[in-house]
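Examining the three-dimensional arrangement
This is what each chain is made of:
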Amino acid sequence: MSDTAIHIAQMQKFYGSFHVLKDINLDVARGEKIVICGPSGSGKSTLIRCINRLEEHQSGTIEVMGTALDDNVHHIDEIRREAGMVFQNFNLFPHMSVLDNCTLAPMLVRKTPRAEAEETAMRYLERVKIPDQARKYPGQLSGGQQQRVAIARALCMNPEIMLFDEPTSALDPEMIAEVLDVMVGLAQEGMTMVCVTHEMGFARQVADRVIFMADGQILEQAPPAEFFGAPRNERTRAFLGQVLGH
Amino acid sequence: MQELVPHTTAIRPSPFSSLRARYFSTPLNGAVTLVCATVALWLLWSAFDWAVLHAVFGTGQREACLAAEGACWSVVSSRWRIVLFGLYPFEEQWRSGLACLVMGAVIALSCAPWFWNARRLPLLWVTGFATFYLLMRGGFFGLPVVTEQNWGGLSLTLFIFAAVCILGMPLAICFALLRRSKLPWIARTMALVIDTIRSLPLLSIMFTFAIVLPFVLPGWLTGDKLYRVIVGYALFFACYQAEIIRGGIQALPAGQEEAAMALGLGYWHRVGYIVLPQAFKNALPPTINQVVITFKETSLVTIIGFFDVMASGRAASGTAEWNFAVIEIYVFVALIFFVFVFSLSRYGAYLERRLDVGRR
């Protein structure tokens, strides 16, 4: 198997006539952690939503774990099984218990027997430190707890890659740390991660590469030391000044 | 103890003082209250006087009824079998009664949350409906066959209602999903069909299916008139219910389907496990409303010559012997409808409270 987890080349995306993503080229190696940052409206969320076809790109190539993302439904399903995703608004299924949220996809998609799926789910719920909430419903949990369940739910599918779309943006400040802790733990275990986030501390700590996007383009990418220490692009400097200034 | 009295009145006003505050706060308010109360009491008293004090009870009291000033409940106790069972053969009417009880039990059981999932609820309705049909139709275990032409009364009303729900609900789900199709021509065609059928009166749809369709369809497709009417009514029900379900689906945050997609769930899994359960939860109050309306509007089939509970009621008081007791029979039929519909709407209110608790 190749060392490339995600390969994106000359990818373009339009909303009608609006050019959202311009000539994106990005390779993510297996086990690599990427943090994508940039001002709002820069297309960073759209970019990672293109990776698992929540958004459709118009031209260029996207390959995930060697599978080309095209109009073939089987390829899309294959990629979605390999790439777990965590959303800004958690998107847990409110009519199911925490445990059922975690076992649904493994049972339906991977045809895992219930007992085994529940065992796996409990293991991941322990890992995100909320096994005692398994029988509760999402509405009974705090935001931080819900987001940790969402991470566990994605992990239950045993994905090769985890995509995070601003996972801490909808959280109260005191709950951000508990979610970031889980993410740092995941990174240390060698998970391939692509995170859209404004948590620059997290980027410094775990990222192998930080990417700065603006106006639908990748303007700068560098290891965190270099990215934060000596940003080359003027807009990167302006952005960092605003984010780190507070 | 003396000190306690003003203390408690300050916290909670006595029933008398709240009565005074609400109904007698000003002289005008007091006068309006008195007038309204008098009218209300007088109405209640007249109704009670008519329905109980001067009424005639017991079977076959025609002469007493003609002499009495009050209600003639004798017509109900003499002719109730016609209202409930229509033209169904007298010796076999226990079957019709049992069938009604089965259907009533099915309706009551489907109110229990335990039955609310995609397997149990359809199973309950299909089994209940099959039992109902076999009991009514007969032809096994030595039960003589009673064809649909001889069905009538409450059992026919329940039969039509149940058949329309069983046929219409899956159809409604299909319609709602098709109307949300990503292919524009499917979605638009479905929208056109739904809006067309919704803009036609139910009565004209029933007429078309009962009377016009046999001229158009080949003979083997025509079927019995009763079933054609049921199909037409189910189509009408499905179009309204489809819009209710679609509303329930649109109330879901977009993130729900996205999360299911990101987990790799296919279309049918998303629909069956994520979208529809939540959509039905959102759409429960209007769904119950639609079911209530459907139950009441079954009485429109009288117009095409079926003896549902309304028509049977008219038939019951239609003989020369009882033709003066029309009001009493209508009150009886109204009471039957009231029992079904009022319990359904009470149940709807209970559901709303329950779902509020669940949502938190």
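Residues numbered from 1 in each chain as written. Chains lettered and ligands numbered in written order. Predicted model: local features only at pLDDT ≥ 70, side-chain atom pairs only at ≥ 80, totals over all residues. Heavy atoms only, no water.

Structural notes on the nonpolar core
So the rule is basically this: Residues grouped as a nonpolar core are buried Ala, Val, Leu, Ile, Met, Phe, Trp, Tyr and Cys residues, joined through side-chain atoms within 4.5 Å. In this scheme, a residue with accessible area under 20% of its type's maximum is buried, one over 50% is exposed, and one in between is partly exposed, where area comes from a 1.4 Å probe on protein chains only. Helix and strand definitions follow DSSP, with helices as H or I runs of at least four residues and strands as E runs of at least two, each counted in order from the N terminus. The contact rule is simple, with two residues in contact once any of their heavy atoms fall within 4.5 Å.
One finds Val 83, Trp 125, Leu 158 and Ile 160 of chain B to be the most contacted residues of the largest nonpolar core, which totals 86 residues. At 14 residues, helix H8 (residues 153–179) of chain B tops the list of elements feeding residues into this core. Excluding its chain neighbours within four sequence positions, the residues that come into contact with Ile 160 of chain B are Leu 226, Ile 230, Tyr 233, Thr 298 and Val 301 of chain B. Grouped together as the second largest cluster of nonpolar side chains are 50 residues, Cys 102, Ala 152, Ala 154 and Met 175 of chain A included.

Comments concerning the pattern of salt bridges
Side-chain pairs of opposite charge can arise where the charged atoms are in close proximity. Residue and element names in this part refer to chain B. Selection rule: Between Lys or Arg on one side and Asp or Glu on the other, a salt bridge is scored when a side-chain nitrogen of the former is within 4 Å of a carboxyl oxygen of the latter.
Here the structure, examined in full by the defined rule, presents 21 salt bridges over all chains. For Asp 195, the salt bridge identified is with Arg 179, shortest N-O distance 3.9 Å. With Asp 195 in helix H9 (residues 184–198) and Arg 179 in helix H8, this pair connects stretches of sequence that are 16 residues apart. A relative accessible area of 34% means that Asp 195 is categorised as partly exposed. Accessibility expressed as a relative area gives 18% for Arg 179, which makes it buried. Residues Glu 243 and Arg 246 are paired through a salt bridge, measuring 3.0 Å at the closest nitrogen-oxygen approach.

Quick word on the environment of Lys 129 of chain A
When you line up the elements, Lys 129 of chain A lands in the loop between helix H4 (114–127) and helix H5 (143–155). The class for Lys 129 of chain A is exposed, based on a relative accessible area of 57%.

Quick look at the interface of chain B and chain A
Here is the rule we go by: When two parts are put together, the accessible area they lose, computed with a 1.4 Å probe and summed over both, is reported as buried area. Throughout this description, a polar contact denotes any pair of N or O atoms lying within 3.5 Å of each other; where both atoms belong to protein, one of them has to be capable of donating a hydrogen while the other can accept it, and for residues adjacent in sequence the pair is counted only when both atoms sit in side chains. Under the scheme applied here, ten amino acids are nonpolar (Ala, Val, Leu, Ile, Met, Phe, Trp, Tyr, Cys and Pro), four are charged (Asp, Glu, Lys and Arg), and all others, including Gly, are polar.
Taken together, the contact pairs 16 residues of chain B with 22 residues of chain A. When chain B packs against chain A, close to 1800 Å² is buried across both sides, 66% of that on carbon and sulfur atoms. By the criterion of area lost to chain A, the three top residues of chain B are Glu 258, Ala 262 and Leu 263 of chain B, representing 32% of everything that side buries. Across the contact surface, chain B and chain A share one salt bridge. On inspection of chain B and its partner chain A, the count reaches five residue pairs in polar contact (both at pLDDT 80 or more). Counting residues per element, the ones that place at least two in the side of chain B that touches chain A are helix H13 (254–262) and helix H14 (267–282) of chain B. A per-element tally of the side of chain B that touches chain A places H13 of chain B first, with seven residues. Among the residues making up the side of chain B that touches chain A, the classes are represented as nine nonpolar, five polar and two charged.

Here's the deal with the sheet that holds strand S9 (residues 209–214) of chain A
Sheet strands line up and pair through hydrogen bonds in the backbone, either parallel or antiparallel. All names here are of chain A. Selection criterion: Strands are treated as partners if at least two bridges between them are detected by DSSP. The angle between two axes is taken between their N-to-C directions and runs from 0 to 180 degrees, where each axis is a line fitted to C-alpha atoms and a helix contributes only its stretch in contact.
Read across the open sheet, the six strands follow the order S6-S7-S8-S3-S9-S10; overall the sheet is mixed. Single-partner strands in this sheet number two, and they are strand S6 (83–86) and strand S10 (217–222). For this sheet, the mean angle separating the axes of adjacent strands, direction not counted, is 20°. Across four bridges, S6 lies against strand S7 (residues 161–165) in parallel orientation.

Here's the deal with the UniProt feature "domain: ABC transporter" (unreviewed entry) in chain A
Let me state the cut-off plainly: UniProt positions are given in the numbering used here, feature names are shortened, and annotations may be inferred rather than shown by experiment.
As recorded in UniProt, the sites labelled "domain: ABC transporter" (unreviewed entry) are residues 6–240 of chain A. Strand forms 26% of residues 6–240 of chain A and helix 40%; the C-alpha atoms that close the span are 27 Å apart.

Digging into H8 of chain B
Residue and element names in this part refer to chain B. The following threshold applies: To estimate the expected span of a helix, count its residues, drop one, and scale the result by 1.5 Å. By definition, a residue's bend is the angle between the axes fitted to the seven residues ending there and the seven starting there.
For H8, with 27 residues, the first-to-last C-alpha span of 37 Å sits near the 39 Å given by 1.5 Å per residue. In H8, a bend of some 30° at Gly 168 exceeds every other bend along the element, and Pro 170, a proline, comes one to four places later. Burial within H8 is extensive, with 19 of its 27 residues counted as buried.

Section: the pairing of S9 of chain A
In summary, the side chains of a regular strand alternate between the two faces of the sheet. All names here are of chain A. Burial analysis of S9 places six of its six residues in the buried class, which makes it a mostly covered element. Alternating residues of S9 divide into Arg 209, Ile 211 and Met 213 and Val 210, Phe 212 and Ala 214, and every residue in both groups is buried. In this structure, strand S3 (residues 33–37) lies alongside S9, joined through four bridges in parallel fashion. By the bridge assignment, Ile 34 is partnered in S9 with Arg 209.

Some points on the side chain of Glu 55 of chain A
Residues and elements named next belong to chain A. Here Glu 55 is to be found in the loop between helix H1 (44–51) and strand S4 (59–64). Take Glu 55: its relative accessible area is 15%, and that puts it in the buried class. A polar contact of 3.2 Å, which involves the side chain of Glu 55, links it to the side chain of Tyr 15. If we skip the residues at most four places from it in the chain, Glu 55 touches Lys 13, Tyr 15, Thr 46, Arg 49 and Cys 50.

Quick look at the confidence of the model for chain B
Applicable threshold: Each residue gets a pLDDT score, which is the predictor's confidence in that residue and runs from 0 to 100.
Within chain B, residue pLDDT values average 84, and 95% of them lie at 70 or more. Ranking the helices and strands of chain B by mean pLDDT puts H13 of chain B first, with 94, and helix H1 (residues 4–11) of chain B last, with 51.

Focus on the packing of aromatic side chains
Applicable threshold: Between rings of Phe, Tyr and Trp, where Trp is taken as its six-membered ring, a pair exists when centres lie within 6.5 Å; planes separated by under 30 degrees are stacked, by over 60 edge-to-face, and by other angles tilted. A ring is considered to have a charge above it if a Lys NZ or an Arg CZ atom is located within 6 Å of its centre and within 35 degrees of its normal.
Tallied over the entire structure, the rule returns 18 aromatic pairs over all chains. A centroid spacing of 6.1 Å and a plane angle of 40° characterise the contact between Trp 45 of chain B and Phe 48 of chain B, whose relative ring orientation is tilted. Taken together, the residues Trp 45 of chain B and Phe 48 of chain B, both in helix H3 (residues 27–53) and three residues apart, mark about one turn of the helix. Assessed through its relative accessible area of 40%, Phe 48 of chain B is described here as partly exposed. Each residue in the set Phe 129, Phe 132, Tyr 133, Trp 151, Phe 159 and Tyr 227 of chain B is aromatic and connected to the rest through ring pairs, giving one cluster. Directly above the aromatic system of Tyr 124 of chain A lies the positively charged group of Arg 123 of chain A, at a separation of 5.7 Å from the ring centroid. Just above the ring of Phe 93 of chain A sits the side chain of Arg 153 of chain A; from NZ or CZ to the centre is 4.6 Å.

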